[in-house]
Amino acid sequence: MPENLQQLLARIHACTHCAPALPHGPRPVLQAQREARLRIIGQAPGRKVHETGIPWNDPSGDRLRDWLGLTREQFYDPRKVAILPMGFCYPGKAESGDLPPRPECTPRWHGRLNPQLPDIRLTLLVGHYAQAYYLGSRRKATLGKTVRAWKEYLPLGYLPLAHPSPRNQPWLAQNPWFEKQLVVELRRLVRTLDL
Ligand code: SF4
């Protein structure tokens, strides 16, 4: 019998597939229910998210919710918003910032999760890893060029975004069009989802 979403989520929460590579151990952080209409594909939990088990529960999440025009209540309702990072567990610290999402995670789980979300109408690809995996050869030479070409991807149901992390503030400051144009359109699109 094919697995349903609840069984799949239980398997993910019990996953230890790349545990030896996770300095703080496995703790998958994601949310999804079949009725979700907005899908957010981010990178991987940071330390604070790992400790609380709540996705985007940090300054990046505050800025993302502001970009979306969503309250925390709307954002954390898995019947409205599916949150699937490229790596479900905190990968640990690098010299600068966090390590990349574990590469084992997306190929292991996303292909099984996505068909369980039949009502998704818009998918946000937040940052380089999500864009590389989901846009493949359609993405541009740099993240900035991919995000600038956002209109190309809307017919596919994808919207590439820069990362809302405070560490990305210099890029956001150098690219005022992002908040003046793209974020304005993003809020309009999210309003049409009636979350
Ligand atoms: S990062 Fe993904 S593959 Fe690795 S233990 Fe966590 S859920 Fe499993």
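Summarised in this report is the structure supplied together with it. (Residues numbered from 1 in each chain as written. Predicted model: local features only at pLDDT ≥ 70, side-chain atom pairs only at ≥ 80, totals over all residues. Heavy atoms only, no water.)

## A short note on the overall build of the protein
Using the following cut-off: Here a helix means four or more residues in a row that DSSP labels H or I, a strand means two or more in a row labelled E, and each is numbered from the N terminus. The size measure is the radius of gyration over C-alpha atoms, and the globule rule it meets is 2.2 Å times the number of residues to the 0.38 power. Contact criterion: two residues are considered in contact whenever any of their non-hydrogen atoms come within 4.5 Å of each other.
From N to C terminus, the protein includes 10 helices and 4 strands. Scanning the protein from its N terminus toward the C terminus, one meets helices and strands in the order α-β-α-α-α-β-α-β-α-α-α-β-α-α. In terms of C-alpha radius of gyration, the protein reaches 16 Å, essentially the compact-globule figure of 16 Å for 195 residues. By its C-alpha atoms, the protein is 45 × 40 × 35 Å across when sized along the principal axes. Put simply, of all contacts in the protein between residues at least 6 apart along the chain, 71% involve residues at least 24 apart.

## Brief notes about the pattern of salt bridges
As a reminder of what qualifies: The term salt bridge refers to a side-chain nitrogen of Lys or Arg lying within 4 Å of a carboxyl oxygen of Asp or Glu. Think of it in three bands: residues with accessible area under 20% of the maximum for their type are buried, residues over 50% are exposed, and the middle band is partly exposed, with areas taken using a 1.4 Å probe on protein chains only.
Here the structure, examined in full by the defined rule, presents 10 salt bridges. Here Arg 47 ties to Glu 51 by a salt bridge, and the two come within 2.9 Å at their closest N and O atoms. Here Arg 47 and its partner Glu 51 are both found in helix α2 (residues 47-52), 4 residues apart, which amounts to about one turn of the helix. When its relative accessible area of 41% is taken as the criterion, Arg 47 is described as partly exposed. In this structure, Lys 140 and Glu 152 form a salt bridge, with 3.0 Å as the shortest nitrogen-oxygen distance.

## Things to note about the site of the ligand
What counts is decided by this rule: Throughout this document, a residue counts as near a molecule or strand when at least one of its heavy atoms sits within 4 Å of that molecule or strand. Only Asp, Glu, Lys and Arg are considered charged, only Ala, Val, Leu, Ile, Met, Phe, Trp, Tyr, Cys and Pro nonpolar, and every remaining residue, Gly among them, polar.
In the region of the ligand, the neighbouring residues are Cys 15, Thr 16, His 17, Cys 18, Leu 22, Pro 28, Phe 88, Cys 89, Cys 105 and Trp 109. Each residue belonging to the shell around the ligand can be placed in one class, and the counts come to 8 nonpolar, 2 polar and no charged.

## Examining helix α1 (residues 5-13)
Basically, it comes down to this: Working note: the arc is built from the helix axis to C-beta atom directions. Between N or O atoms, a polar contact is any pair within 3.5 Å; within protein, one atom must be a potential hydrogen donor and the other a potential acceptor, and residues adjacent in sequence are included only when both atoms are from side chains.
Along α1, the positions that sit buried rather than exposed are Leu 5, Leu 8, Leu 9 and Ile 12. Looking down the long axis of α1, one finds its buried residues gathered within 100° of arc, a one-sided arrangement. On its buried face, α1 is in contact with α5 (105-113). Its side-chain oxygen placed 3.0 Å from the backbone nitrogen of Gln 6, Asn 4 serves as the N-cap of α1.

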